[in-house]
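# Structure at a glance
Each chain, written out:
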Number of protein chains: 2
Amino acid sequence: MVQERINEFAKYIEKKGLKTTQQRNDIIRTFLKSGGHLSVDDLHQKVKKVNPRVGYATVYRTLKLLSESGVAVERHFDDGHTRYEHLEPEEHHDHLICIKCGDIIEFEDKNIESLQEKVAKKHGFRVVTHNLEMYGYCKKCNGNT
Amino acid sequence: MVQERINEFAKYIEKKGLKTTQQRNDIIRTFLKSGGHLSVDDLHQKVKKVNPRVGYATVYRTLKLLSESGVAVERHFDDGHTRYEHLEPEEHHDHLICIKCGDIIEFEDKNIESLQEKVAKKHGFRVVTHNLEMYGYCKKCNGNT
DNA sequence: GTCAGTGCAAACCTTTTGCACAGGT
DNA sequence: ACCTGTGCAAAAGGTTTGCACTGAC
């Protein structure tokens, strides 16, 4: 499925008249191979192990392209670092974030989603994206505050 | 009710051994008199009309105190500006944010809240705060994208 | 050969901080 | 008097951009 995402992105790149480059490939492969919620810095560190000549700015620029193409999603949690994660198409989830250990748990709840749509409709609002984050203590950290 | 918030904050200040100053008063009164979701810059502009000698840093420092005391709540929407709003105690709401005109609609939905708690419990998670934002087109902007 | 991509460093923007002075208690 | 608060300007931290060079097509 990594290959599918790569193809999807290649198609997007081509449609926009952009070019396939070694750096972009390295960045994308590294990104797709990594799980979780990566900051730009995290990803830059990892990419540098594969190709030490890749600069910070290129990672930013490529992540922006990945977001536009729909392969990556930008997350703005409260810690001041933009993080990126990759999703399968149609996939969607929200987050539980531990304010002690920083662990991030993903969840999906169709009931919440449909109530959200209901609220939006009531206000004549057409939702494009949403995000729901809950901050608190995870199972491990709970109790030993 | 503005006065109640001011008293509440005064109590917090005193408990921490801090001081009541003219600047803090000006900032707090201006903040409480304003509705909506203010950026630091918005508030600084407004306060300067009352007291032109108030500096940017003091607004930041005071807003941080207001957040700690519970009088203000920090919001991190996707536009990269931290915004603050004031809430009555026990009040809580979430946001619908128009990505065209920037309008912010507040809503509250107890059903969503309780489903959130249920999800958290399922993961052994103790929630301290959460935020739910939906981005899209408001009634006015919908259609004329 | 052309035009987009890259690396680097500088610029940017929001937020924080150090410092000397002002002011509340 | 003491010690916190303030304004200013500088620093910090994350992100973006200008530029000259590289490399894909």
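Position labels on residues start from 1 in each chain and follow its written sequence. Labels are handed out in written order, letters beginning with A for the chains and numbers beginning with 1 for the ligands. Thresholds applied to this predicted model are a pLDDT of at least 70 for local features of residues and 80 or more for the giving and counting of side-chain atom pairs; totals over whole chains, interfaces and linings are not thresholded and use all residues. With hydrogens and water stripped out, all remaining heavy atoms of the structure feed into the side-chain values.

What follows deals with the protein's contact with DNA strand D. With respect to spatial proximity, 20 residues lie near DNA strand D, and among them Y60(A), T21(B), R24(B), R53(B) and T58(B) are the closest. When atoms of DNA strand D within 4 Å of the protein are split into backbone and base, the sugar-phosphate part holds 71%. Each polar contact in these results corresponds to two N or O atoms within 3.5 Å; when the atoms are within protein, one needs to be able to donate a hydrogen and the other to accept it, and residues that are neighboring in sequence are counted only if both atoms are side-chain atoms. At 2.8 Å from a phosphate oxygen of DNA strand D is found a side-chain nitrogen or oxygen belonging to T82(A). Between DNA strand D and Q23(B), the relevant distance is 2.8 Å, taken from a sugar or linking oxygen to a side-chain nitrogen or oxygen of the residue. Note on residue categories: nonpolar means Ala, Val, Leu, Ile, Met, Phe, Trp, Tyr, Cys or Pro, charged means Asp, Glu, Lys or Arg, and polar means any other residue, Gly included. Considered class by class, the residues forming the surface near DNA strand D number five nonpolar, eight polar and seven charged. Nearness is judged by heavy atoms alone; a residue qualifies as near a molecule or strand once a single heavy atom is within 4 Å of it.

This part takes up the state of the cysteines. Residues and elements named next belong to chain A. Our working definition of a disulfide is a cysteine sulfur pair at a distance within 2.5 Å. Within this structure, the stated rule accounts for zero disulfides over all chains. Cysteine C101 remains unbridged, with the sulfur of C98 as its closest cysteine sulfur at 3.7 Å. Free cysteine: C138, not disulfide-bonded; nearest cysteine sulfur from C98 at 3.8 Å. Assessed through its relative accessible area of 3%, C138 is described here as buried. Only protein chains enter the area calculation, which uses a 1.4 Å probe; residues under 20% of their type maximum are buried, those over 50% are exposed, and those in between are partly exposed.

Moving on to the environment of E91(B). Residues and elements named next belong to chain B. Secondary structure is summarised from DSSP: a helix means a run of H or I of at least four residues, a strand means a run of E of at least two, and numbering begins at the N terminus for each. Along the chain, the position of E91 falls in the loop between β3 (82-86) and β4 (94-98). Given a relative accessible area of 36%, E91 falls into the partly exposed group. Here H93 takes part through its side chain, which lies 3.4 Å from a polar atom of the side chain of E91.

The environment of DNA strand C is made up of 19 residues, and the closest members are T21(A), R24(A), R53(A), T58(A) and Y60(B). When the atoms of DNA strand C within 4 Å of the protein are grouped by moiety, sugar and phosphate amount to 70% of the total. In this structure, a phosphate oxygen belonging to DNA strand C sits 3.4 Å away from a main-chain N or O atom of V54(A). When residues in the surface near DNA strand C are grouped by element, the largest group, four residues, is from helix α4 (residues 56-69) of chain B. When the residues that make up the surface near DNA strand C are grouped by side-chain class, the tally is five nonpolar, seven polar and seven charged.

The next point concerns the domain arrangement of chain A. All names here are of chain A. Here the bounds of each domain stem from an automatic or database domain assignment. One can read the domain layout of chain A as domain 1 (2-86) and domain 2 (94-136). The straight-line distance from the C-alpha centre of domain 1 to that of domain 2 is 24 Å. Residue contacts are defined here by distance: any two heavy atoms, one from each residue, within 4.5 Å place the two residues in contact. Each side of the interface is counted separately: domain 1 has six residues, and domain 2 has six residues. By convention in these notes, a salt bridge is any Lys or Arg side-chain nitrogen within 4 Å of a carboxyl oxygen on Asp or Glu. Scanning the region where domain 1 abuts domain 2 turns up zero salt bridges. Here domain 1 and domain 2 share four residue pairs in polar contact (both at pLDDT 80 or more) between them. For the side of domain 1 that touches domain 2, the per-class residue count stands at one nonpolar, two polar and three charged.

On to the sheet that holds strand β5 (residues 104-107) of chain B, then. Strand pairs in the sheet, formed through backbone hydrogen bonds, run parallel or antiparallel to each other. Two strands qualify as a pair provided DSSP detects at least 2 bridges between them. The strand order across the open sheet built from six strands is β5(A)-β4(A)-β6(A)-β6(B)-β4(B)-β5(B), with neighbouring strands paired in mixed fashion. Only two strands of the sheet have a single neighbouring strand rather than two, namely β5 (104-107) of chain A together with β5 of chain B. Pairs of neighbouring strands in the sheet enclose a mean axial angle of 20 degrees, with direction left out of account. Pairing of β4(B) with β5(B) involves four bridges; the strand directions are antiparallel. By the bridge assignment for β5(B), L96(B) is matched with I105(B). Structural elements are reduced to axes, namely lines fitted to C-alpha atoms, with helices fitted over the stretch in contact, and the angle between N-to-C directions of any two is expressed from 0 to 180 degrees.

Below, the discussion takes up the sheet that holds β3(B). Residue and element names in this part refer to chain B. Read across the sheet, three strands follow the order β1-β3-β2 without closing on themselves; strand pairing throughout is antiparallel. Strands with a single pairing partner mark the edges of an open sheet, and in this sheet they are β1 (38-39) and β2 (72-76). Examined bridge by bridge, β1 and β3 share two bridges and lie antiparallel to one another. Across the sheet, residue L38 finds its bridge partner in β3, namely Y84. Against the sheet, helix α2 (residues 22-33) engages β1, β2 and β3, with an angle of about 80 degrees to β3.

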